[in-house]
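# Structural overview for review
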Amino acid sequence: MKITGKFAVLLGCVASIAISQPAFAEIEETNLRLAHVVNENDGFHAAATRFQELVAERSDGKISVEVFPNATLGDERTLLEGMQIGTVDMGVITNGPVSNFLEDMAVFEMPFLFPSAAKAYEVLDGPIGQELLDRLSEVNLKGLAYAERGFRNLTNSERPINSPADVQGLKVRVMENPVYIDTFRELGADAIPMAWTEALTAMQQGTIDGQENPVGVVHSFQLNETQTNMTMTRHSYAPAIFVMSLPVWNNLSEEAQEIVLQSAQEAAEYERQLNAEQESQQLEELRASGMNVIDDADLSAFSEAVAPVYVKYGERFGDYLPRIQEALR
């Protein structure tokens, strides 16, 4: 039967719409459990909830994401170990703990490496960063995208810090990461690696003097209540990673994988922008609360003091460090 006129046009439109629709039929009903260790005021949670929204929208509700904040499923090491065996689906995880599973990830956190967040993004979103995300498959993880913890600064309850000499003898909590531990030991601190949940208690009890984290963390956890001084050292830029269990990733269809990957990248970029917009306001509020914020410390002296860290770790990361330095030039 020959079909002509308006009916033919209508059939053509229907066929075109059918072809252009996302292949929702290829996506099975899936629930992903995404965990992180910080509270609902933190940028990690904003990234997680944005990811949740994007995935639901793009999968027509077939992929749902359940977010577990506040370390309810464990600390970051525990979450990563759970992902390796498939008992945790995914998370937004600080780069430091990830580097305990793939050591080369720690190259991004070498002290005073990145001059700005924009330069960090160029490296992370470029070939070097993507290569390292792909290499997480070596430890049964799937790297999706780089959000951020941001530039880290030193807080303490003892005294203002203006130079490395002022750090001498301070008990400072650092992440369980050798680069951070050695960086603060070179500055003269008693560097104490511990999980974040333990650090919060230790600061309240006065068993440690300080910690180092971006402004957003200091603000969202109200560290001004136990930490009277913050020095804007910006000593290290810390990425955060949307990371997934490789077994869980492999069980997703190609269509679902594409949705998860794109949504993670967009949620990461959303969180980066949010951090940039919020930092100045957060600093104002911390100052208004009585926190002493020092933004004129002798950073060149800090940078010189940690030079031995480059000697120790420079070759440990293979060619990644010189490649990053070349990209920054």
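Up top is the structure these notes are about.
Just so it is clear, the structure is predicted and the values come from calculations on it, not from any experiment. (Residues numbered from 1 in each chain as written. Predicted model: local features only at pLDDT ≥ 70, side-chain atom pairs only at ≥ 80, totals over all residues. Heavy atoms only, no water.)

## Concerning the overall build of the chain
Summing up its helical and strand segments, the chain has 14 helices and nine strands in all. Oriented by its inertia axes, the alpha-carbon framework of the chain measures out at about 90 × 45 × 35 Å. Counting the 329 residues in the chain, one finds 52% classified as buried. For the chain, contacts bridging at least 24 residues in sequence account for 75% of all contacts bridging at least 6. On the chain, roughly 14,500 Å² of surface is accessible, and the fraction owed to carbon and sulfur atoms is 48%. Positive and negative side-chain charges of the chain, numbering 23 and 49 respectively, have mean locations separated by a distance of 3 Å. (Helix = DSSP H or I, 4+ residues; strand = E, 2+ residues; numbered from the N terminus. Buried < 20%, exposed > 50% of the residue type's maximum accessible area, 1.4 Å probe, protein only. Contact = heavy atoms within 4.5 Å. Areas by Shrake-Rupley, 256 points an atom, 1.4 Å probe, with all protein chains shown as cover. Lys, Arg positive; Asp, Glu negative; His and termini not counted. Charge placed at Lys NZ, Arg CZ, Asp CG, Glu CD.)

## Topic: the layout of surface pockets
Any empty space left between the atoms is revealed when a probe the size of a water molecule rolls over them. Estimates place the volume of the largest pocket at around 300 Å³. In terms of lining residues, the largest pocket is bounded by 21 residues, among which Glu148, Gly150, Asn275, Ala276 and Glu279 are the most central. Sorting the residues of the lining of the largest pocket by element identifies helix H5 (117-124), strand S4 (141-156), helix H9 (215-220), strand S8 (229-245) and helix H11 (254-288) as the ones contributing at least two each. In terms of residues, the lining of the largest pocket owes the most to one element, H11, which gives six residues. Looking at side-chain class alone, the lining of the largest pocket contains eight nonpolar, seven polar and six charged residues. Looking at the second largest pocket, its volume works out to about 150 Å³. As for the second largest pocket, its lining consists of Glu26, Glu28, Thr30, Asn31, Leu32, Asp89, Val248, Asn251, Leu252, Ser253 and Ala256. (1 Å grid on protein atoms, 1.4 Å probe; cavity = no way out; pocket = protein on both sides within 12 Å on 5 of 7 lines; lining within 4 Å. Points joined across faces, edges and corners; volume = space filled by probe spheres on them. Nonpolar A, V, L, I, M, F, W, Y, C, P; charged D, E, K, R; others polar.)

## Brief notes about the packing of helix H2 (residues 43-58) against H11
Two numbers describe how H2 lies on H11: the axes approach to 8 Å, and their chain directions differ by 145°. Once H2 is placed against H11, the crossing between them reads as right-handed. On H11, the residues that touch Gly43, Phe44, Ala46, Ala47, Arg50, Phe51, Leu54, Val55 and Arg58 of H2 are Ile259, Val260, Gln262, Ser263, Ala264, Glu266, Ala267, Tyr270, Glu271, Leu274 and Asn275. Residue classes in the contact of H2 with H11 are distributed as twelve nonpolar, four polar and four charged. (Axes fitted to C-alpha atoms, helices over the stretch in contact; angles between N-to-C directions. Left-handed = near helix turned anticlockwise from the far one by under 90°.)

## Some points on empty space enclosed by the protein
The full count for this structure, using the stated rule, is one cavity of 30 Å³ or more. In this model, the largest cavity occupies a volume close to 220 Å³. Lining of the largest cavity is provided by 18 residues; of these, Glu76, Thr94, Arg173, Met175 and Trp196 occupy positions nearest its centre. Secondary structure elements with two or more residues in the lining of the largest cavity: helix H3 (76-85), S4 and helix H8 (196-205). Classifying every residue of the lining of the largest cavity by side-chain character gives eight nonpolar, three polar and seven charged.

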